[in-house]
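# Coordinate analysis (summary)
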Amino acid sequence: DMDNTDVCVVIGANDITNSAAEEDPDCPIAGMPVMQVWRAKKTIFMKRSMAGGYADIENPVFFKESTEMLLGDAKEKTDELA
């Protein structure tokens, strides 16, 4: 239940967290089931880059006000946080 989630940490996922699947009927992944991580109060993505996922499309969640990007190697970044 993302509406009651304070922080959602996403490690390496892209398309499965892409809000365009629900918001843009012309999107290549329109209708695909996704995890609505953008509904959490804060979403932190850990990815190597801002590049698209398997579908190679931009993820609008990356640019939402409640989203933070932690770019780099996820293992290294997780170790730094611990």
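Summarised in this report is the structure supplied together with it. (Residues numbered from 1 in each chain as written. Predicted model: local features only at pLDDT ≥ 70, side-chain atom pairs only at ≥ 80, totals over all residues. Heavy atoms only, no water.)

### What about a nonpolar patch on the surface?
Judged by side-chain polarity, Val7, Val9 and Ile11 come together as a nonpolar surface patch covering roughly 270 Å² of accessible area. Here valine 9 lies in strand E1 (residues 7-11). Using a relative accessible area of 47% as the deciding quantity, one classes valine 9 as partly exposed. (Patch = residues over 30% accessible without salt bridge, like charges linked within 9 Å, V, L, I, M, F, W, Y side chains within 5 Å. Areas by Shrake-Rupley, 256 points an atom, 1.4 Å probe, with all protein chains shown as cover. Salt bridge = Lys/Arg side-chain N within 4 Å of Asp/Glu carboxyl O. Helix = DSSP H or I, 4+ residues; strand = E, 2+ residues; numbered from the N terminus. Buried < 20%, exposed > 50% of the residue type's maximum accessible area, 1.4 Å probe, protein only.)

### Observations concerning the nonpolar core
With 14 residues, the main nonpolar core has Val37 and Phe45 as its most contacted residues. When residues of this core are traced back to their parent elements, those giving at least two are E1 and helix H1 (20-23). Discounting chain neighbours no more than four positions away, the residues touching phenylalanine 45 are Val10, Ala13, Thr17, Val37, Asn59, Val61, Phe62, Thr67, Glu68, Met69 and Leu70. (Core = buried A, V, L, I, M, F, W, Y, C linked by side-chain atoms within 4.5 Å. Contact = heavy atoms within 4.5 Å.)

### Description of the pattern of salt bridges
Inspection of every chain in the model, using the stated rule, returns seven salt bridges. Lysine 64 serves as the salt-bridge partner of glutamate 23, at 4.0 Å between the closest nitrogen and oxygen. Here glutamate 23 is found in helix H1, whereas its partner lysine 64 is found in the loop between strand E2 (42-47) and strand E3 (67-71), with 41 residues between them in sequence. Between lysine 42 and glutamate 68 there is a salt bridge, with its nearest N and O atoms 3.2 Å apart. Taken together, the residues span a long stretch of sequence, with lysine 42 in strand E2 and glutamate 68 in strand E3 at a distance of 26 residues. On the basis of relative accessibility, which here comes to 27%, the residue lysine 42 falls in the partly exposed class.

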